[in-house]
Amino acid sequence: MMRWLAACLALSAALFVSDARASVSIAVTWDGLLRESSAAALVTALDARALWEGDRIYTYTHVRVDRAVAGELATGDEAWVRTMGGVVGKIGQIVDGEPVLTRGQSCLLFLHPIPSRPPGAFDVTARGQGQFPLVSDEKTPPHLVRGTAAGAFLPPRASGSAPPARLAADVVHGRAIDDVSKDVVAAWSAAHAH
């Protein structure tokens, strides 16, 4: 009787187990995010187009720069931001860890130009870790939050006895855009000194 009950429980558990989906990334440091980016800007997504590039679907989102923070974009500029995944016809591809740009919503993006693409086309630095949506509600003033599409993070490798590096998400999450902008501007020159 006990064996039969144990077998039934094991079979029930096997039937009700569902696939777990997640991406795991190495957490990007604040200094690394700044160093690898050519622009940081508060943008609003205007519209998007998905297309095939080789075997992969990419979505190009047309954005308006509401506030240039640092780098090569200026307030009032428009740009195209490429993300992996999207829908073309009846075929869709989802890529975990990619930023999610939603029409009409604003976010702080850290960007770098796409090689072999026309000027004004960018990838998000560190994928979803380089996007910080701007949110507000009745209880809190507008503030930035870490993106929800980034998945799980592993800490970056520590180098010897150096203190642990500050993670980009820890520096930005929960703070006002004005405060984060000051930090970006203060650190930008040092990050780009070659």
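Cut-off values and rules
Residues numbered from 1 in each chain as written. Predicted model: local features only at pLDDT ≥ 70, side-chain atom pairs only at ≥ 80, totals over all residues. Heavy atoms only, no water. Core = buried A, V, L, I, M, F, W, Y, C linked by side-chain atoms within 4.5 Å. Buried < 20%, exposed > 50% of the residue type's maximum accessible area, 1.4 Å probe, protein only. Helix = DSSP H or I, 4+ residues; strand = E, 2+ residues; numbered from the N terminus. Contact = heavy atoms within 4.5 Å. 1 Å grid on protein atoms, 1.4 Å probe; cavity = no way out; pocket = protein on both sides within 12 Å on 5 of 7 lines; lining within 4 Å. Points joined across faces, edges and corners; volume = space filled by probe spheres on them. Nonpolar A, V, L, I, M, F, W, Y, C, P; charged D, E, K, R; others polar. pLDDT = per-residue confidence, 0-100. Phe/Tyr/Trp six-rings, centres within 6.5 Å; stacked < 30°, edge-to-face > 60°. Lys NZ or Arg CZ within 6 Å of the ring centre and 35° of its normal.

Peer 1: Which parts of the structure should I look at to understand the nonpolar core?
Peer 2: Across soluble globular proteins, nonpolar side chains have a tendency to be buried as a group. One finds W30, L108, F110, F132 and V184 to be the most contacted residues of the largest nonpolar core, which totals 20 residues. Broken down by element, the residue count for this core peaks at five residues, all from helix 4 (residues 177-191). Other than its neighbours up to four places away in sequence, F132 contacts L33, C107, L108, F110, L144, V145, R146, A168, A169 and V172. Judged by nonpolar contacts, the second largest core, of 15 residues, contains V43, V63, L101 and V124.

Peer 1: Which parts of the structure should I look at to understand the layout of surface pockets?
Peer 2: Rolling a probe over the atoms, with the probe sized like a water molecule, indicates the empty space that remains. Empty space within the largest pocket amounts to approximately 210 Å³. Within the residue set of the lining of the largest pocket, elements represented by two or more residues are strand 3 (56-71) and strand 4 (78-84). Residues of the lining of the largest pocket, tallied by class, amount to seven nonpolar, six polar and one charged. Lining the second largest pocket are 17 residues, with V100, T102, Q105, Q131 and P133 positioned closest to its centre. Mapped by element, the contributors of at least two residues to the lining of the second largest pocket are strand 2 (39-53), strand 7 (106-113) and strand 9 (131-135). With four residues, the top contributor of residues to the lining of the second largest pocket is strand 9. Classifying every residue of the lining of the second largest pocket by side-chain character gives ten nonpolar, seven polar and no charged.

Peer 1: I keep staring at the confidence of the model for the protein chain and nothing clicks. Help me out?
Peer 2: Reading fine detail from the predicted coordinates is not recommended where pLDDT is low. Here the protein chain averages 86 in pLDDT, and 79% of its residues register 70 or above. Low pLDDT (under 50) marks residues 4-21, which in the prediction has two contacts with non-local residues, meaning those over four places away or in another chain.

Peer 1: Would you mind going over the side chain of T83 with me for this structure?
Peer 2: Considering the arrangement of structural elements, one finds T83 in strand 4. Leave out the neighbours within four places in its chain, and T83 touches Y58, T59, E98, P99 and L101.

Peer 1: Whenever I open this one, the packing of aromatic side chains confuses me. Can you help?
Peer 2: Geometry of an aromatic ring pair is reported as the spacing of the ring centres plus the angle between the planes. Taken as a whole and assessed by the stated rule, the structure comprises two aromatic pairs. Taking 6.1 Å as the distance between ring centres and 80 degrees as the angle between the ring planes, the aromatic pair formed by W30 and F110 counts as edge-to-face. Placement of the pair is W30 in helix 2 (residues 30-36) and F110 in strand 7, with a sequence separation of 80 residues. Classification of W30 by relative accessible area gives buried; the value is 1%. Accessibility expressed as a relative area gives 0% for F110, which makes it buried. Plain terms: the ring middles of F110 and F132 are 6.1 Å apart, the flat faces sit at 85 degrees to each other, and that makes the pair edge-to-face. You can see F110 sitting in strand 7 and its partner F132 sitting in strand 9, a full 22 residues away along the chain. The exposure classification of F110 matches that of F132, with both residues buried. Every member of this aromatic cluster is reached through a ring pair, and the members are W30, F110 and F132. It is R82 that lies over the ring of Y58; its NZ or CZ is 4.5 Å from the centre.

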